[in-house]
Every structure is written in structure tokens, then in C-alpha cells.
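This is what each chain is made of:
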Amino acid sequence: MTIMSGRVAMVTGSTSGIGRVIALELARLGAVPVVVSIEGAKIPETLEELRAVAPAAEGFEADVSSQASVEAAMDQTLAKFGRLDILVNNAGITRDNLVMRMKDAEWDQVLAINLTSVFYMTRLALKPMLKARYGRIVNIASVVGLTGNPGQANYSASKAGVMGLTKSTAREVASRGITANCVAPGFIATAMTHRLNPKAQEAILSQIPMGEMGSPQDVANAVAFLASEEARYITGETLNVNGGMYMGF
Ligand code: NAD
């Protein structure tokens, strides 16, 4: 893949799990990663790891569900680097419950952090990207946004929403050198899936033709491709990274 040197890449939720590995992969490819996370205490150790590869890596504490908070992170990024080439909307949470029992707060929180945040970040990122007539937006969706999953109405609605938002954004800015795509992971071994009980984990494995969970690196590889020069003619697409669990057409 072409080296991404000079590219500034903001990755939300990048102090742990998939996001951290994405930031590291983009750094390895030559980009300057900008960490955005609500886990402020983890930012220094994340930056230490990233700066070993990309010395200019930067990090800002922000709650992606707060417009003011992400605006501050974007302002600081633009003040420091003067550009934003790649945006990876990765921050996400689950608050599982059956629809009949789901609390308003469980619905609202998941929609705010998983979907509204992507709208806020995209709206902010498009300004510098349109000016530069270049941009790569990669949103982390999920297989359950395509298939549904009992107990995850809020989560699957948020991820299906991310795919719709991505397609509309892609159509709006396609003529300006900006692409917007999704990566839809299946089950990936991170803190999010470790929280599942062993029975649920076993049930999941039985649905995966490859017979194993994916790794954060599997997701990061797909993100890196969509963020690269080579993916210039791909937009509005969702790339499944799920070991064959769901095959789109
Ligand atoms: P994780 O819990 O390990 O990491 C999530 C990250 O998001 C953390 O760094 C957390 O601090 C950050 N975050 C949470 N709320 C935030 C907020 N309000 N503002 C800023 N940052 C916030 O989870 P993960 O498994 O690495 O998941 C990453 C993404 O991948 C999520 O969007 C998730 O929905 C998606 N995904 C994960 C799986 C999986 O199997 N792990 C499958 C499909 C999709």
C-alpha cells in the first residue's frame, strides 16, 4: 500500500481495542495519528506507543457524543497540523437489553455515542477536507447493523444508521476527492466481546464459518485499505470483516 506520509488521521475511541490498533496501523503506514477518546487517563500511554512509530502523534480527551467536546478536539487538531486527511469514527458502546425492557437511557446513550457522534465528527471533518479536496472517512459499523441481534436493538439501529449516514455523505462529497465508507466487523476479540458470557461466546463461534473471532488487526487492515490512495474509487461501501458470518451481495 502507498505510504500515507504527511496524512493526518484522527481515530476516535483509540485508547483501547480496535481503535488503538487502527491508530497504530495508520502510524505504521506513515500517517500522523490523532487519538480522540473519553478515557483521558489512557491517552499518555497510548501516545507513548504511537510515538515510537509516529513521533508527531497527538491525543485529545473528548466525549464524541458532545458537540462542544469534539469541536474542541477538532480545533486543536487543525491548530496543530492545519489539516485532517483521514477520519476513522470508531468509538462505540453497547448497552444490551430486550426491546421490551430497554430503558430510554440505554437507547439514547447508544444512539448518541455510536451514531450522533459520527454526524458531529463528519460535519466538522468535511470543512478541512472540502478545502483540501481530499479526504477519507471510515466508519466502524457492525455485522449486527446488517443482520439484527436479539438484545441489541439500540446497537444494531445505531450501526444501520451509520451505514445510511455514510452512504449519504459519500454521495454529497464524491466529486470533491472525499470518500466515505464503512467497515462492518463481525465478532472481534476485544473487551467488548470478552464481556459476553462463555455460552454466548460459544453460540457466536458456531455462526462463524472460519470458526474463530477476528482480531483488531483484521479490522485495522480493512480500515487502512479504505483510507489509502488505492481505495480512491470506492465510496459508500461497507466492507465486511467477519470470517464469513454474513455475506452481503
Ligand atoms: P472497546 O470498548 O474496546 O473500545 C471502545 C473505545 O471507544 C474505547 O477506547 C472507549 O474509551 C471509546 N469510547 C467509548 N465511549 C466514548 C465516548 N463517548 N467518547 C469518546 N470515546 C469513547 O470496543 P471495541 O471492541 O474496540 O469497539 C470499537 C468499535 O468497533 C465500536 O464502534 C464497536 O461498536 C465496533 N465493533 C466491535 C466489535 C467487536 O466484536 N469487538 C464488532 C463489531 C463492531
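Before reading further, recall that the structure is shown in the block above.
Quick look at the structure, then. Keep in mind the model is a prediction, meaning the values are calculated, not measured.

## Here's the deal with the packing of helix 4 (residues 104-132) against helix 6 (residues 153-173)
The geometry of helix 4 relative to helix 6 is characterised by a closest axis approach of 8 Å and an angle of 15° between their N-to-C directions. With respect to helix 6, the axis of helix 4 lies roughly parallel. Read as a crossing pair, helix 4 and helix 6 show a hand that is right-handed. Contact with helix 4, carried on its side by Glu-106, Trp-107, Val-110, Leu-111, Asn-114, Leu-115, Val-118, Phe-119, Thr-122, Leu-126 and Leu-130, involves Ala-153, Asn-154, Tyr-155, Ala-157, Ser-158, Lys-159, Gly-161, Val-162, Leu-165, Thr-169 and Val-173 of helix 6 and no other residues of that element. Its residues assigned to classes, the contact of helix 4 with helix 6 comprises 14 nonpolar, 6 polar and 2 charged.

## Brief notes about the nonpolar core
Met-10, Met-74, Leu-84, Leu-87, Met-129 and Ile-137 are the most contacted members of the largest nonpolar core, which totals 36 residues. Residue contributions to this core peak at 8 residues, all from helix 4. In contact with Met-129, other than residues within four places in its own chain, are Leu-84, Asp-85, Ile-86, Leu-87, Tyr-134, Gly-135, Arg-136, Ile-137 and Ile-178. In terms of nonpolar packing, the next biggest core, distinct from the first, is built from 31 residues, Val-35, Ile-43, Val-138 and Ala-220 among them.

## Description of the pairing of strand 5 (residues 135-140)
For strand 5, the tally of buried residues reaches 6 of 6 residues, placing the bulk of the element in the interior. Burial along strand 5 is two-sided: Gly-135, Ile-137 and Asn-139 facing one way and Arg-136, Val-138 and Ile-140 facing the other are all buried. One crossover worth recording links strand 4 (residues 86-89) to the parallel strand 5 by way of helix 4, and it is right-handed. As judged from the 6 bridges shared by strand 5 and strand 6 (residues 178-185), these two strands associate in the parallel manner. Directly across from Val-138, in strand 6, lies its bridge partner Asn-181.

## Observations concerning the pattern of salt bridges
Pairs can form between side chains of opposite charge once their charged atoms are near each other. Taken as a whole and assessed by the stated rule, the structure comprises 9 salt bridges. One salt bridge in this structure joins Arg-28 and Glu-25, with 2.9 Å as the shortest N-O distance. Of the two residues, Arg-28 and Glu-25 both sit in helix 1 (residues 17-28), 3 residues apart, roughly one turn of that helix. We classify Glu-25 as buried; its relative accessible area is 12%. Lys-80 is paired through a salt bridge with Glu-58; the nearest N and O atoms lie 2.9 Å apart. Residue Lys-80 is located in helix 3 (residues 67-81), and its partner Glu-58 is located in strand 3 (residues 58-61); the two are separated by 22 residues in the primary sequence.

So, how was this worked out
- Counting starts from 1 at the beginning of each chain's written sequence and moves along it residue by residue.
- In view of the model being predicted, local features appear only for residues whose pLDDT reaches at least 70, and side-chain atom pairs are presented and counted only at 80 or more, with totals across whole chains, interfaces and linings using the full set of residues.
- Heavy atoms from the whole structure form the basis of all side-chain values; hydrogens and water molecules are not counted.
- Between N-to-C directions, angles span 0 to 180 degrees; the directions come from axes that are lines fitted to C-alpha atoms, helices contributing only their stretch in contact.
- A run of DSSP states H or I qualifies as a helix once it reaches four residues; a run of E qualifies as a strand once it reaches two. Both are numbered from the N-terminal end.
- Put simply, angles under 35 degrees are roughly parallel, angles over 145 are roughly antiparallel, angles from 65 to 115 are roughly perpendicular, and the rest are oblique.
- Note: crossing handedness is left-handed where the near helix turns anticlockwise from the far helix by less than a right angle, and right-handed where it turns clockwise.
- We call two residues in contact whenever any of their non-hydrogen atoms come within 4.5 Å of each other.
- For this classification, Asp, Glu, Lys and Arg are treated as charged, while Ala, Val, Leu, Ile, Met, Phe, Trp, Tyr, Cys and Pro are nonpolar and the rest, including Gly, are polar.
- Definition used in this section: a nonpolar core is a set of buried Ala, Val, Leu, Ile, Met, Phe, Trp, Tyr and Cys residues joined via side-chain atoms within 4.5 Å.
- The cut-offs for exposure are 20% and 50% of the maximum accessible area for each residue type, with area from a 1.4 Å probe on protein chains only; residues under the lower value are buried, those over the upper are exposed, and the others partly exposed.
- Handedness is read with the strands pointing away from the viewer; a crossover is right-handed when the path from the first strand over the helix to the second is clockwise.
- What makes two strands pair is DSSP finding at least two bridges between them.
- A pair is scored as a salt bridge if a Lys or Arg side-chain nitrogen falls within 4 Å of a carboxyl oxygen belonging to Asp or Glu.

Keep in mind these values describe shape, not function.
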